[in-house]
Amino acid sequence: MSVSRLAELIRERQPCVVLTGAGVSTESGIPDFRSPTGLWAQFDPFEYGSIEAFRRDPRKVWSFYKPRVAMLTEAEPNPAHTALAELEQLGFAEAVVTQNIDLLHERAGSREVVEVHGSIRTSSCSGCGSRYELTRVLELLAAADAPACPSCGEILKPDVIFFGELLPPAAIDRAYELARRARLLLVVGSALEVYPVAGLPLETLGTGGELAIVNRGPTGFDAKASLRIDGSAGEVLPQLVDVLRPRRA
Ligand SMILES: [Zn+2]
C-alpha cells in the first residue's frame, strides 16, 4: 500500500528530487561509517578522517584510506541505485543529491548526480594543483602505500570531504536550489543527521513542497514527512519503479 501511495505522490508532485545517504550503498557492501558499529566507531575520525590529520600525516591517513578505496572500487551498484537511475530515465526524478562518495549512482546510470561530500572520482595535489583520475590514483596506490604526485611528489588527497573541510560550494548551492524547487523531496537511506544536508528538507517544506522518506529506522524528519516507509532501499525502490513504469500493451 505505502509503495503505491509513494508512486502517487511522485506522479502528483513534480519535480521530485531524491536525496540519498549511506543506506543506499549498504546493500552494495559499503558500511555506514557513522553507524554505531561503523568505521568511525573503531577509528577516531580526528586521527584518520580530518583535514588536520591529513595535513599532519597524509601517509597515516592513506594507511586507513587505501583499503577503503579498494573496497569502494570493487563494490557494484545494487537494485536501489538501478531503480533511482530508472526513475530519472522515466522522467520522475530530476536529480539525485547524495552524501555518498562511492560513484555508484553514476555507475548505475543516473545522470544528474550532485555529490555534496565529494567523491573518489579524482584526487588532488596541494603542492602543484594537479588533479588525477581514480584509475591513475589506483595505479599509484598499487606501487606505494600513499599516492605521490607524479609532477611534484606531494601526497595526493582524495577529493572527498574530510571532517573540518568546507563542503564544495557549487554542489551545495545546486543541492539547495534543487531542494527549494522540488515539490517532493524523496529521502532514501539517510537519517538526516548530518548538516548541511539535513537542512535540505526544510528548504523543500519551506517552499510548499512535501517530504517522503524511505529508510530503515527513524529519521529527524519523520513527523514532517507526508509518507514514510521503514524498509531497505534495495527492496522498496524496485517495487516503486515497477508501479511507475509504463505498462506495455
Ligand atoms: Zn603536485
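## Notes on the pattern of salt bridges
Argument step 1. A complete count under the given rule lists 18 salt bridges for this structure.
Argument step 2. Notably, a salt bridge pairs Glu 112 with Arg 174, separated by 3.1 Å at the nearest N-O pair. Remark: Arg 174 occurs in helix H9 (residues 169–181) and Glu 112 occurs in the loop between helix H7 (104–108) and strand S3 (113–115); sequence separation between them is 62 residues.
Argument step 3. On the accessibility criterion, Glu 112 (34% relative accessible area) is partly exposed.
Argument step 4. Exposure remark for Arg 174: the relative accessible area of 25% places this residue in the partly exposed category.
Argument step 5. Its salt-bridge partner being Arg 181, residue Glu 177 comes within 3.5 Å of it at the nearest N-O pair. Of this pair, Glu 177 and Arg 181 are both found in helix H9, 4 residues apart, which corresponds to roughly one turn of the helix.

## A few points about the coordination of the zinc ion
Argument step 1. Around the zinc ion, the donor atoms from the protein are Cys 125 (SG), Cys 128 (SG), Cys 149 (SG) and Cys 152 (SG), and they sit 2.3 Å away.
Argument step 2. Taken together, the 4 donor atoms coordinating the zinc ion and their angles of 94 to 119 degrees define a geometry best described as tetrahedral.
Argument step 3. Counting residues between consecutive donors of the zinc ion along the chain gives the motif C-x2-C-x20-C-x2-C. With Cys 125 in the loop between strand S4 (118–124) and strand S5 (131–133) and Cys 152 in the loop between helix H8 (134–143) and strand S6 (157–160), the pair connects residues that are 27 residues apart, well separated along the chain.
Argument step 4. Look at Cys 125 and you get buried, because its relative accessible area is 4%.
Argument step 5. The partly exposed category is assigned to Cys 152, whose relative accessible area is 40%.

## Focus: the environment of Val 24
Argument step 1. In this fold, Val 24 is placed in the loop between strand S1 (16–20) and helix H2 (39–42).
Argument step 2. Residue Val 24 is classed as buried on the basis of its relative accessible area of 0%.
Argument step 3. Residues Val 24 and Pro 77 lie 53 residues apart in sequence; the distance between their C-alpha atoms is 9.4 Å.
Argument step 4. Residues within four places of Val 24 in sequence aside, it is in contact with Asn 78, Ala 80, His 81, Asn 100, His 105, Val 188, Gly 189 and Ala 233.

## Quick notes on the environment of Asp 159
Argument step 1. With respect to the helices and strands, the residue Asp 159 is situated in strand S6.
Argument step 2. Along the chain, Asp 159 and Cys 125 lie 34 residues apart, while their C-alpha atoms are 9.8 Å from each other.
Argument step 3. Not counting residues within four places of it along the chain, the set of residues in contact with Asp 159 comprises Gly 118, Ser 119, Thr 122, Ser 123, Ser 124 and Arg 131.
Argument step 4. A polar contact of 2.8 Å, which involves the side chain of Asp 159, links it to the side chain of Ser 124.

## Thoughts on helix H6 (residues 79–89)
Argument step 1. Buried within H6 we find Ala 80, His 81, Ala 83, Leu 84, Ala 85, Leu 87 and Glu 88.
Argument step 2. Capping the start of H6 is the job of one residue whose side-chain oxygen sits 2.7 Å from the backbone nitrogen of Ala 80: Asn 78.
Argument step 3. In the stretch just after H6, Gly 91 is the one whose phi turns positive, near 90 degrees.

The rules we used
Residues numbered from 1 in each chain as written. Predicted model: local features only at pLDDT ≥ 70, side-chain atom pairs only at ≥ 80, totals over all residues. Heavy atoms only, no water. Salt bridge = Lys/Arg side-chain N within 4 Å of Asp/Glu carboxyl O. Helix = DSSP H or I, 4+ residues; strand = E, 2+ residues; numbered from the N terminus. Buried < 20%, exposed > 50% of the residue type's maximum accessible area, 1.4 Å probe, protein only. Donors = N, O, S within 2.8 Å, 3.2 Å for Na, K, Ca; no water. Tetrahedral: all angles 85-135°; square planar, octahedral: opposite > 155°, others 65-115°. Contact = heavy atoms within 4.5 Å. Polar contact = N/O pair within 3.5 Å; in protein donor to acceptor, adjacent residues only side chain to side chain.

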